[in-house]
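Descriptive analysis of the structure
Each chain, written out:
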Amino acid sequence: MTTPGTDEAYDRINALLDGAAVVVTAADHAETAGCLVGFHSQCSIDPRRHAVWLSKANRTYRVALRSTHLAVHLLRAGDRELAAWFGGTTGDEVDTFGGLELDRGPGGVPMVRALPVRFVGRRVALLDTEGDHACFVLEVESAEVDDEAGPLRLSDLGEVEPGHASEEGAEE
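So, how was this worked out
Residues numbered from 1 in each chain as written. Predicted model: local features only at pLDDT ≥ 70, side-chain atom pairs only at ≥ 80, totals over all residues. Heavy atoms only, no water. Salt bridge = Lys/Arg side-chain N within 4 Å of Asp/Glu carboxyl O. Helix = DSSP H or I, 4+ residues; strand = E, 2+ residues; numbered from the N terminus. Buried < 20%, exposed > 50% of the residue type's maximum accessible area, 1.4 Å probe, protein only. Pairing = 2+ DSSP bridges.

This brings us to the pattern of salt bridges. Applying the stated rule across the entire model yields 12 salt bridges. With a shortest N-O distance of 2.6 Å, Arg 66 and Asp 28 are connected by a salt bridge. Taken together, the positions of Arg 66 in the loop between helix H2 (59-64) and strand E5 (69-74) and Asp 28 in the loop between strand E1 (22-27) and strand E2 (32-37) put the pair 38 residues apart, joining distant regions of the chain. Residue Arg 118 is joined to Glu 144 by a salt bridge in which the shortest nitrogen-to-oxygen separation is 3.4 Å. With a gap of 26 residues between them, Arg 118 in strand E8 (residues 118-127) and Glu 144 in strand E9 (residues 133-144) connect regions that are remote in the sequence. Given the relative accessible area of 38%, Glu 144 is considered partly exposed. Connected through shared salt-bridge partners, Asp 28, Glu 31, Arg 59 and Arg 66 make up one network.

Structure below.
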């Protein structure tokens, strides 16, 4: 048996975990933003809390820093186009929500109608360990689900060219 290096072994383990892809949206008093997120997890049962890790290079991170609430939208098999849009487009260059039907949730957070399996959480903590992502902990305030909620897995996406390189904006 060949033992891979730590980085390779860790990457292989993460591929086995194959998490669900989600779109996270945020709003402050002046701006809205949204992005594709692969790093997220329930982190408490009582109270119900969920952690999402946002890339510091992403505009959504900067807007989320000023937001009271974030929305987490589950992507399903038919949502590949929206996944590519939110993963490969930056709000620094275009209106990420242009042409999409939206509702507003608590704190003005955009709720994408085309992604009806979602929840909204109030920001209760922020963890920044000086990596390229920061963790936002959300206390779930509302949730919507239907019977067709099978997730789009990260492995289903293939390569999505990010709107920003991971190093961009990390110092902001």
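On to the pairing of E9, then. Looking at chain direction, strand E4 (residues 49-55) and E9 are connected through 7 bridges and run antiparallel. Each bridged residue has a counterpart across the sheet, and for Arg 49 the counterpart in E9 is Glu 139. Bridging between E8 and E9 involves 9 bridges; their strand directions are antiparallel. Looking at the pairing, Leu 127 lines up with Cys 135 of E9.

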